[in-house]
Amino acid sequence: GDHRDLHSFPTRRSSDLHWLFAQRPAEGGAAAAVLRDTLQEAGVLYRVDVEPLAAVAMAALVDSLGLPGIDGKAIAPELVRRTGGNPLFALETLKLGLGPGGRGGIPANVSVLIERRLRLLSPAALELARLAAVAGVDFDVQVAEAVLGVGALGLADRWAELEAAQVLRDDAFAHDLVHEATLRSLPAPVAKRIHADLAAHLEG
């Protein structure tokens, strides 16, 4: 084969190299956190938070696909509500079918990503997420305090963890897919008992 003298290639200084790291919130592990913190302390890491797509941007994404019979402006609000504006989740939901003519449910690969996100939560945060999943629109701080027997200060860390992991946004789920996945992670008898506890609290 063609023999090449490796020494003839120009060398590059480390300062000439530029790296791009992408990471989902609350993922990456301890090693990634150490690397990120070290680079930030050295002043060589510039953080860019990628925001979810709003309805206008989602409509543009859908229209760019050129799907027959699919109007981006018409479908965008429901797609944002269902996926939280996550482009990957939106594309996979479109593949599965959105609306009366589609199969519904959670796309398989999206389900894997959400379940992994739930597994990374602390037990206390997962407990709060599961309560929120069962409570639905009735979920708020007062409900969490009453059912879990924990004061508002005791909820602060777990609530913040759920927001960092993009499971909760304020006092509701970030989107329908993560709500459905969290609810599905609960055994039926446990969900039934939580329903009963919620009903007793709300009646009181």
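Quick note: structure is the one above.
Note that the structure is predicted; figures quoted are calculated from it, not measured.

Reading guide: rules and limits
The residue numbers shown here count from 1 along each chain, following its written sequence. The predicted origin of the model limits local features to residues at a pLDDT of at least 70 and limits the giving and counting of side-chain atom pairs to 80 or more, whereas totals for whole chains, interfaces and linings rest on all residues. By convention in this description, side-chain values take in all heavy atoms of the structure and omit both hydrogens and water. The helix and strand labels rest on DSSP assignments: H or I over at least four residues marks a helix, E over at least two residues marks a strand, and numbering proceeds from the N terminus. For a helix, the expected span equals 1.5 Å multiplied by the number of residues minus one. Only protein chains enter the accessibility calculation, which uses a 1.4 Å probe. A residue is then buried if its area is under 20% of the maximum for its type, exposed if over 50%, and partly exposed in between. Within this analysis, the arc is defined by the directions that extend from the helix axis to the C-beta atoms. Two rings from Phe, Tyr or Trp (for Trp, the six-membered ring) form a pair when their centres sit within 6.5 Å of each other. Planes less than 30 degrees apart are called stacked, planes more than 60 degrees apart edge-to-face, and all others tilted. Both cavities and pockets are sets of points on a 1 Å grid over the protein atoms alone; in a cavity a 1.4 Å probe fits but cannot get out, in a pocket the set is open with protein on both sides within 12 Å along at least five of seven lines, and lining residues sit with an atom within 4 Å of a point. Grid points are joined across faces, edges and corners, and a volume is the space filled by probe spheres set on the points. Nonpolar residues are Ala, Val, Leu, Ile, Met, Phe, Trp, Tyr, Cys and Pro. Charged residues are Asp, Glu, Lys and Arg, and all others, Gly as well, are polar. Each salt bridge in this description consists of a side-chain nitrogen of Lys or Arg and a carboxyl oxygen of Asp or Glu lying within 4 Å of one another.

Okay, helix α5 (residues 108–119) next. Taking 1.5 Å of rise per residue, 12 residues should cover 16 Å, and α5 covers 16 Å from first to last C-alpha, within 8% of that figure. Within α5, burial applies to V110, S111, L113, I114, R117 and L118. Each buried residue of α5 lies within a common arc of 165° when the element is viewed along its axis, so the set occupies one face. Opposite the buried face of α5, by more than 90 degrees, sit the exposed residues A108, V112 and R119.

Once that is clear, we can look at the packing of aromatic side chains. On inspection of all chains with the given rule, the structure shows one aromatic pair. Here F139 and W159 contribute two aromatic rings whose centre-to-centre distance is 5.3 Å and whose plane-to-plane angle is 20°, an arrangement assigned as stacked. Within this pair, whereas F139 is found in the loop between α6 (123–135) and α7 (141–148), its partner W159 is found in helix α8 (residues 152–164), the two being separated by 20 residues in sequence. Under the relative-accessibility criterion, W159 is labelled buried at 12%.

This paragraph deals with the side chain of S111. By the element assignment, S111 lies in helix α5. By relative accessible area, S111 is classed as buried at 7%.

Here the largest pocket defines a volume of roughly 1700 Å³. Going through the elements one at a time, α1 (29–41), α4 (87–96), α8 and β1 (168–169) are the ones with two or more residues in the lining of the largest pocket. In terms of residue count, the dominant contributor to the lining of the largest pocket is α1 (six residues). Tallied by class, the residues present in the lining of the largest pocket amount to 24 nonpolar, 10 polar and nine charged. One number sums up the size of the second largest pocket: a volume of about 230 Å³. Contributing to the lining of the second largest pocket are 16 residues, with A172, F173, A174, D176 and H179 lying nearest its centre. Contributing elements (two or more residues each) for the lining of the second largest pocket: α3 (72–83), β1, β2 (172–173) and α9 (176–184). Along the lines of polarity and charge, the residues of the lining of the second largest pocket split into eight nonpolar, four polar and four charged.

Take the pattern of salt bridges next. Summed over all chains, the structure comprises eight salt bridges. A salt bridge links E180 to R82; the nearest nitrogen and oxygen atoms lie 2.6 Å apart. Highlighted residues: E180 in helix α9 and R82 in helix α3, separated in sequence by 98 residues. Put simply, K95 and E92 hold a salt bridge, and the shortest N to O gap is 3.1 Å. Of this pair, K95 and E92 both sit in helix α4, separated by three residues, roughly a single helical turn. Residue class for K95 comes out exposed when judged on its relative accessible area of 62%.

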